[in-house]
Amino acid sequence: MRVLLLAAFIASAVAAPSALAAPFQCQVDEVAKHCDDLIKENLENLPGFVRLAFHDCVGGNGCNGCLDLSNGDNAGMEVYMDRLEDKYDENKIQDMMSRADFWVLCSHVAINSGAKFVTDADSLQLNMKFGRQDCNADDPDQTAPTDKYPSPHGTYAMTTDFFNKEFGLTANETVALIGAHTLGRARKADSGFSNQWVDGEYTFDNAFYRDILDASLDWVQVDLDGNDNDTDHLQWSQNKTGEAVNMMLTADMCLAFDIESDASKKENRGYDELGDSPGKTLVEIYAESNKIWLADFSVAYTKMVEKTPNIQLMAAQPDGENAPCKAPGATTPSSSSTLFPSFLLCIAAVMITKLF
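Residues numbered from 1 in each chain as written. Predicted model: local features only at pLDDT ≥ 70, side-chain atom pairs only at ≥ 80, totals over all residues. Heavy atoms only, no water.

A. Spatial organisation of the overall build of the protein. Along the protein, the regular secondary structure elements total twelve helices and nine strands. Long-range contacts, defined here as pairs at least 24 residues apart, represent 71% of the contacts in the protein between residues at least 6 apart. Total accessible area on the protein stands at roughly 17300 Å², and carbon and sulfur atoms take up 52% of it. (Helix = DSSP H or I, 4+ residues; strand = E, 2+ residues; numbered from the N terminus. Contact = heavy atoms within 4.5 Å. Areas by Shrake-Rupley, 256 points an atom, 1.4 Å probe, with all protein chains shown as cover.)

Right, dumping it as structure tokens:
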């Protein structure tokens, strides 16, 4: 019996997959360059990578490098997943970090790229940690089918409640996080909504908050479904004619204004008649100070991407004499990973010999 138990222990120690150690900083820098290259190749990757990180982190499993593409809320994400997966495979990045870590790292690179030339950019502090585990190392096209995303028609209470339950964010942190909508645009083919939130969709600054408060933009509600009452795609648009106009979702406008509780119905009041929501003061502060918003956003975004149930994340290892500092894919044998199983086998051989 003692021999059988010992053999089972040895087999489990040798066969069990080991979690990756935190990468060295030089490896992180190399991988980040791959993210940056993808953004330079196609600027749409900049907001796309940020949105992908959010979609990945929603749900009970947290940030785990997988999405269910049959879920309509994930429409449009596949193109960014594919681009990242190509880089991940070609450069053997899986030898250094999980896919989930890679997605988050690329979102950090994207945000920093968008903020590169804005005022008070140094207030943006996104500290990357590693150790997220992929739900399936072979197939990123899956996740819990019950994952739910926030309603685009959400009121202030609905929206802040979602982010509190999902990521543990306070109401103020939710107001800060949603400012990420300053990047990118909605596409009718994906979400049913249309157009960019602000001018300069690849610049990461506080324009989102300035525009919400700007009455001169003549905000009006537009029903993209063409209905008069119930609608799935009701958005606020700038009352311009001709070329495409900027827009806000009800869940954006509610950060500053009191939208009626049945937010999927058209608001009977005009923009100038809306009362204030509890977030109005903070929206005003962010509209005035890019510095304050970037600092607060950093805290909120970090909480979101560090949603990893039962996993302790790690900072990158400082470079030293053991750091490979080579192109992604280069590996340095780990004494702990190669010697430990051999050590166990030697001990087992001695013990088994003594037993007989």
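Here the narrative resumes, following the displayed structure.
B. Main features of unusual backbone geometry. The residue D218 is not glycine, and still its phi comes out positive at about 55°. By secondary structure assignment, the location of D218 is in the loop between α8 (207–213) and β4 (219–223).

C. Highlighting the nonpolar core. Core analysis: the biggest nonpolar cluster contains 85 residues, and F102, F204, F208, M248, M253, F297 and Y301 have the highest contact counts within it. The element best represented in this core is helix α5 (residues 99–114), accounting for eight residues. Those residues within four positions of F204 in sequence are excluded, and the remaining contacts are I111, G114, A115, V118, L124, A180, T182, L183, W293, L294 and F297. (Core = buried A, V, L, I, M, F, W, Y, C linked by side-chain atoms within 4.5 Å. Buried < 20%, exposed > 50% of the residue type's maximum accessible area, 1.4 Å probe, protein only.)

D. A look at the environment of D29. Tracing the sequence through the fold places D29 in helix α2 (residues 25–41). Assessed through its relative accessible area of 46%, D29 is described here as partly exposed. Put simply, D29 and C325 are 296 residues apart on the chain and 9.4 Å apart in space, counted from C-alpha to C-alpha.

E. Local environment of the packing of helix α3 (residues 45–57) against α5. Interhelical geometry of α3 versus α5 gives an angle of 140° and a closest axis separation of 8 Å. Compared by their axis directions, α3 and α5 come out oblique. As for the relative orientation of α3 and α5, their crossing is left-handed in sense. Where α3 abuts α5, its residues L46, F49, V50, L52, A53 and D56 lie against A100, W103, C106, S107, A110, I111, S113 and G114. Class assignment for the residues of the contact of α3 with α5 results in ten nonpolar, three polar and one charged. (Axes fitted to C-alpha atoms, helices over the stretch in contact; angles between N-to-C directions. Parallel < 35°, antiparallel > 145°, perpendicular 65-115°, else oblique. Left-handed = near helix turned anticlockwise from the far one by under 90°. Nonpolar A, V, L, I, M, F, W, Y, C, P; charged D, E, K, R; others polar.)

F. Inspection of the sheet that holds β4 at higher detail. Pairing within the open sheet is antiparallel, and its three strands lie in the order β4-β5-β6. The outermost strands of the open sheet, each flanked by one partner alone, are β4 and β6 (247–249). If you compare each strand with its neighbour and ignore which way they point, the axes differ by 35° on average. In this structure, β4 lies alongside strand β5 (residues 234–238), joined through five bridges in antiparallel fashion. Looking at β5, one finds that V220 is bridged to S237. (Pairing = 2+ DSSP bridges.)

G. Main features of the pairing of β5. Most of β5 is tucked away, with five of its five residues classed as buried. Residues L234, W236 and Q238 line one face of β5 and the alternating positions Q235 and S237 line the opposite face, and both faces are buried. Sheet analysis places β5 next to β6, joined by three bridges and oriented antiparallel. Its bridge partner lying in β6, S237 is registered against M247.

H. Here's a closer look at the environment of K87. When you line up the elements, K87 lands in helix α4 (residues 78–90). Of the residues examined, K87 reaches a relative accessible area of 14% and is grouped as buried. Residues K87 and H34 lie 53 residues apart in sequence; the distance between their C-alpha atoms is 7.1 Å.

I. Fine view of the state of the cysteines. Within the structure shown, the criterion is met by three disulfides. Disulfide partner of C35: C106, at an S-S distance of 2.0 Å. Torsion about the S-S bond of the C35 and C106 cystine: about -70°, corresponding to left-handed handedness. Pair noted here: C35 is in helix α2 and C106 is in helix α5, with a separation of 71 residues, a long-range link. What makes C35 buried here is its relative accessible area of 0%. Among the residues examined, C106 registers a relative accessible area of 0% and is labelled buried. (Disulfide = S-S within 2.5 Å.)

J. Structural context of the packing of aromatic side chains. All chains considered together, the criterion is met by 15 aromatic pairs. Taking the centre distance of 4.8 Å and the plane angle of 40° together, the rings of F204 and W293 count as tilted. With F204 in the loop between β3 (195–196) and α8 and W293 in helix α11 (residues 290–305), this residue pair connects regions lying 89 residues apart in the sequence. For W293, a relative accessible area of 0% translates into the label buried. With a centroid separation of 5.1 Å and 70° between ring planes, the pair formed by F257 and Y271 is classed as edge-to-face. Here the residue F257 occupies a position in strand β7 (residues 257–258), and Y271 occupies one in the loop between β7 and β8 (275–276), the gap between them amounting to 14 residues. Owing to a relative accessible area of 6%, F257 belongs among the buried residues under this scheme. Ring-pair connections join several aromatic residues into one group, and the members of that group are F204, F208, Y209, Y286, W293, F297 and Y301. (Phe/Tyr/Trp six-rings, centres within 6.5 Å; stacked < 30°, edge-to-face > 60°.)

All quantities given are derived from atomic positions and should not be read as evidence of function.
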